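# Fold and geometry: a report
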Amino acid sequence: LSLGEKLTPHERTLILVGEAGVGKTFLMQPLAVGLGQKGHEVGFAAPTNKAARILAAKTNREVKTVHALAYERPVTDEHTGELLGFVKNGEGSVAPSGGALQIIDEASMVGKKLHDDMFKALGHDAIVLFVGDDGQLPPVIAARGVDLEHPHVRLTQVHRQAADSPILQRARELRASRSSLTPDLVRGWGNAVHSVQGLDVGVHIAQGKA
């Protein structure tokens, strides 16, 4: 893909997926630096304020919300303060000049409408790199806007834990089975469980007892 070309949203979408600890965030920095040295602008965004703050802390860059890209302002009820909707940004209104790469982190939380509205606001010459984990839950009130099941690149080597880590092994079992962490499941790993709480289970797994 060439930055600055006029392409359809599908043609200018790149998808990078991987579970926690495989280096997704780590790769964002050299990518942004390399494109910046070639004169291209690189933007960072995430679906929620919390996700944006976390990404900003990790990358030391300004990170917007995806809503800030897609919408000019929210519309609320003047009496109750209830959110009624959003005023969309105009087509191409937030597109940087000279072609750009827009990196969207935590892409599993981007719903279809938000995805489409964001692309309209970005115009026709920005390429969007969606980064996420296809094992995470979809958006609460909408279908996913990004097909994380069929990425362009999938990272598989976890660097955060050792390859033989019991935590990594159990986490992958949960991902593969799409199961919830329950007392019966942990007992099936050979561990006597009185109560399943995040801290207790984490300690048992870390000690190799589950």
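Since this is a predicted model, take the numbers as computed values, not measurements.

## Thoughts on the nonpolar core
In summary, soluble globular proteins display a tendency toward joint burial of nonpolar side chains. Residues V66, I104, L114, M118, V128, F130 and L148 are the most contacted members of the largest nonpolar core, which totals 18 residues. Among the elements that take part in this core, helix α4 (residues 112-122) stands out by supplying four residues, more than any other. Among all residues touching L114, those that are not within four sequence positions of it are V66, H67, A70 and Y71.

## So, the packing of helix α1 (residues 24-37) against helix α2 (residues 49-59)
The interhelical angle for the contact between α1 and α2, taken along N-to-C directions, is 60°, at an axis separation of 10 Å. Viewed along their axes, α1 and α2 adopt a mutual orientation that is oblique. For the crossing formed where α1 meets α2, the hand is right-handed. Listed contacts from α2 to T25, M28 and Q29 of α1 are L55, K58 and T59. The residue inventory of the contact of α1 with α2, partitioned by class, reads two nonpolar, three polar and one charged.

## Points about the environment of T13
The topology assignment puts T13 in strand β1 (residues 13-17). Classification of T13 by relative accessible area gives buried; the value is 12%. Sequence separation of T13 and V128 is 115 residues, and the distance between their C-alpha atoms is 5.1 Å. Here T13 is in contact with F119, V128, F130 and H152, once residues within four sequence places are set aside.

## With respect to the packing of aromatic side chains
What the rule picks out here adds up to two aromatic pairs. Taking 6.2 Å as the distance between ring centres and 50° as the angle between the ring planes, the aromatic pair formed by F119 and F130 counts as tilted. Of the two residues, F119 is situated in helix α4 and F130 in strand β7 (residues 126-132); the sequence distance between them amounts to 11 residues. Looking at F119, the relative accessible area reads 4%, which means it is buried.

What counts, and where the lines are drawn
Residues numbered from 1 in each chain as written. Predicted model: local features only at pLDDT ≥ 70, side-chain atom pairs only at ≥ 80, totals over all residues. Heavy atoms only, no water. Core = buried A, V, L, I, M, F, W, Y, C linked by side-chain atoms within 4.5 Å. Buried < 20%, exposed > 50% of the residue type's maximum accessible area, 1.4 Å probe, protein only. Helix = DSSP H or I, 4+ residues; strand = E, 2+ residues; numbered from the N terminus. Contact = heavy atoms within 4.5 Å. Axes fitted to C-alpha atoms, helices over the stretch in contact; angles between N-to-C directions. Parallel < 35°, antiparallel > 145°, perpendicular 65-115°, else oblique. Left-handed = near helix turned anticlockwise from the far one by under 90°. Nonpolar A, V, L, I, M, F, W, Y, C, P; charged D, E, K, R; others polar. Phe/Tyr/Trp six-rings, centres within 6.5 Å; stacked < 30°, edge-to-face > 60°.

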